[in-house]
Amino acid sequence: MPGIHIKNISKTYIDGAGNPVDAIKEINLDIKDGEFVSIVGPSGCGKSTLLEIVAGLQKQTAGEVYIDDKKVTGPSRDIGVVFQDAALFPWKTIKKNILYGMEISKAPKEEQEEKLKSYLELMNLTGFADKYPSQLSGGMRQRAGIARTLIMNPKVTLMDEPFSAVDHLTRCTLQEELVRIHEKEKKTVLFVTHDINEAVFLSDRVILLSPRPSVIQNEYVIKTKHPRSRSDDYLVHVAAKIVADISRGAENVESEYMI
Ligand SMILES: Nc1ncnc2c1ncn2[C@@H]1O[C@H](COP(=O)(O)OP(=O)(O)OP(=O)(O)O)[C@@H](O)[C@H]1O
Ligand SMILES: [Mg+2]
């Protein structure tokens, strides 16, 4: 089946003293093809762990992840990842950074140029191809990082707090750009954030993880059409409900969708 399928995923780390740390516990989650799903939850609950397991960057203790019908066994071209810090190569231009994956996969030069042009446009970076990362603002660098991932046309895009290192206004703009791209391309996105308003503004569905050992505490389906208003009554209500549920903690794990 198309989409991301997380089946009974658990992860136990061993800490520095040799003691087991149960991060996430028997998580089951099916993300539909084209769906935008955010994961929220208290700090240290295992959001990044789950995302890294889906990315094939971290080995789970138990369970399986499938992208479409293919089992995830390690990083792959089907899975694009964007982290908090765009992690561009400082010695390469924006163009060379964005084309990095295409060069490695030896894509024809013509295709590279064509795609570069369209992704520079998509990310509002036209005119900056020959600049170096240090010559760009934090928001622009993050957009270049996103372009570098999307240009590879991954089946799914995984993002771990991609906007947390930029200022508030830039963050709002990046959110709007991400919505625009998602509306256009309808690619599956799994997005981790601390910011409940961000999750509600962007997503078709928000998953709340409980404190460790993390299970899915609740899910919120958000059907409001894009473009959304940040002051929309329903979105404000859902965000308040999520915040209240986080403070109630794990003892109140819901068995059914609340919204
Ligand atoms: N390599 C590791 N070794 C031991 N414990 C780890 C390791 N990585 C993560 N942990 C622990 O697993 C738990 C989950 O960590 P994780 O980074 O996934 O949480 P998170 O929800 O992403 O947190 P944050 O919101 O702060 O980013 C934490 O208690 C963390 O200390
Ligand atoms: Mg994290």
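What counts as what
- Residues numbered from 1 in each chain as written.
- Chains lettered and ligands numbered in written order.
- Predicted model: local features only at pLDDT ≥ 70, side-chain atom pairs only at ≥ 80, totals over all residues.
- Near = placed C-beta within 6 Å.
- Helix = DSSP H or I, 4+ residues; strand = E, 2+ residues; numbered from the N terminus.
- Nonpolar A, V, L, I, M, F, W, Y, C, P; charged D, E, K, R; others polar.
- Pairing = 2+ DSSP bridges.
- Contact = placed C-beta atoms within 7 Å.
- Axes fitted to C-alpha atoms, helices over the stretch in contact; angles between N-to-C directions.
- Domains from an automatic or database assignment.
- Buried ≥ 20, exposed ≤ 12 C-beta atoms within 10 Å, placed from the backbone.

Colleague: Can you tell me about the site of ligand 1, naming the residues and giving the values?
Modeller: Every one of the 14 residues lining ligand 1 counts as a neighbour, but Tyr-13, Ser-43, Lys-47, Ser-48 and Thr-49 are closest to it. In terms of residues, the shell around ligand 1 owes the most to one element, helix α1 (residues 47-55), which gives three residues. Within the shell around ligand 1, the residues separate by chemical class into four nonpolar, seven polar and three charged.

Colleague: I'd like a description of the sheet that holds strand β4 (residues 62-67), backed by residues and values.
Modeller: Taking strand neighbours across the sheet as the criterion, the four strands line up as β2-β1-β4-β5 in an open arrangement whose pairing is antiparallel. Edge positions in the sheet fall to β2 (20-31) and β5 (70-71), since each of these pairs with one other strand and no more. Inspection of the sheet shows β4 paired to β5 by two bridges, in the antiparallel sense. Looking at β5, one finds that Ile-67 is bridged to Lys-70. Strands β1 (4-14), β2 and β4 of the sheet are contacted by α1, whose axis makes an angle of about 120° with β1.

Colleague: How would you sum up the domain arrangement of the protein? Please name residues and give values.
Modeller: Assigned domains within the protein: domain 1 (1-78 + 156-259) and domain 2 (87-153). Relative to domain 2, the C-alpha centre of domain 1 lies at a distance of 26 Å. Facing 10 residues of domain 1, the contacting portion of domain 2 comprises nine residues. Examining the composition of the side of domain 1 that touches domain 2, we find that four residues originate from one element, helix α6 (residues 168-185), more than from any other. A class-by-class count of the residues in the side of domain 1 that touches domain 2 yields six nonpolar, three polar and one charged.

Colleague: Could you give an account of the pairing of strand β7 (residues 156-160), naming the residues involved and the relevant values?
Modeller: The element β7 is largely enclosed, with a buried count of five among its five residues. A two-sided burial pattern is seen for β7, the buried positions comprising Val-156, Leu-158 and Asp-160 on one face and Thr-157 and Met-159 on the other. One ladder, built from four bridges, connects strand β6 (residues 79-82) with β7; its direction is parallel. Paired with Val-81 across the bridge in β7 is Leu-158. When β7 meets strand β8 (residues 188-192), the two strands line up parallel, connected through five bridges. Each residue of the ladder has a partner; that of Val-156, found in β8, is Thr-188.

Colleague: Talk me through the sheet that holds strand β10 (residues 216-221); I want residue IDs and the actual numbers.
Modeller: Backbone-to-backbone hydrogen bonds join strands into a sheet, with any given pair of strands oriented parallel or antiparallel. With mixed pairing, six strands are arranged side by side in an open sheet as β6-β7-β8-β3-β9-β10. Two strands close off the open sheet at either side, each with one partner strand: β6 and β10. For this sheet, the mean inter-axis angle between neighbouring strands, taken without regard to orientation, is 15°. Here four bridges tie strand β3 (residues 36-40) to β8, and the two strands are oriented parallel to one another. Looking at the pairing, Ile-39 lines up with Val-192 of β8. Lying over the sheet, helix α5 (residues 138-150) contacts β6 and β7, oriented at roughly 170° with respect to β6.

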